[in-house]
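Summary of the model geometry
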Amino acid sequence: PASARPPPRTSDHMATHAMDEGALIGALWEAAKAGNTAGASRLLDAGAPVGWNNDADGGATALVLAASGGHKNTVELLVD
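Okay, so let's go over this structure.

In this section: the packing of helix 2 (residues 37–45) against helix 4 (residues 72–79). Where helix 2 contacts helix 4, the axes come no closer than 9 Å and their chain directions differ by 15°. By the angle between their directions, the pair helix 2 and helix 4 is classed as roughly parallel. At the point where helix 2 passes helix 4, the crossing takes the right-handed sense. Taken together, the residues of helix 4 that come into contact with helix 2 (itself represented by T37, A40, S41 and L44) are N73, T74, L77 and L78. Considered class by class, the residues forming the contact of helix 2 with helix 4 number four nonpolar, four polar and no charged.

Dropping the structure here:
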């Protein structure tokens, strides 16, 4: 029908996905830094990439951030 929306262009879809992933990465980074294990778990379930390296912080990952903060439970979650 004329009122049906066309499917999103691939570039639009990819941009939306990238923004969503960026938000997940930032939120996981903050959760790891704070030792928020429950929050980190929810973010991982939502698809946050556990192995993302922050080039602006020497290539550190959320795991490194949690470990350097002494957040044992968050470290265990990120290792599993």
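Glancing now at the pattern of salt bridges. In total, this model carries one salt bridge according to the counting rule given. Ionic pairing is found between K72 and E76, a salt bridge with its closest N-O pair at 2.8 Å. With a gap of four residues between them, K72 and E76 both fall in helix 4, about one helical turn apart. Classification of K72 by relative accessible area gives exposed; the value is 57%.

Among all positions of helix 2, only G39, A40 and L43 are buried. Down the axis of helix 2, the buried side of the element spans an arc of 100°, and every buried residue falls inside it. When the buried face of helix 2 is taken as reference, the exposed residues oriented beyond 90 degrees from it are R42 and D45. Count one or two residues on from helix 2 and you reach G47, which has phi positive near 110°.

Rules and cut-offs
- Residues numbered from 1 in each chain as written.
- Predicted model: local features only at pLDDT ≥ 70, side-chain atom pairs only at ≥ 80, totals over all residues.
- Heavy atoms only, no water.
- Axes fitted to C-alpha atoms, helices over the stretch in contact; angles between N-to-C directions.
- Helix = DSSP H or I, 4+ residues; strand = E, 2+ residues; numbered from the N terminus.
- Parallel < 35°, antiparallel > 145°, perpendicular 65-115°, else oblique.
- Left-handed = near helix turned anticlockwise from the far one by under 90°.
- Contact = heavy atoms within 4.5 Å.
- Nonpolar A, V, L, I, M, F, W, Y, C, P; charged D, E, K, R; others polar.
- Salt bridge = Lys/Arg side-chain N within 4 Å of Asp/Glu carboxyl O.
- Buried < 20%, exposed > 50% of the residue type's maximum accessible area, 1.4 Å probe, protein only.
- Arc of directions from axis to C-beta.

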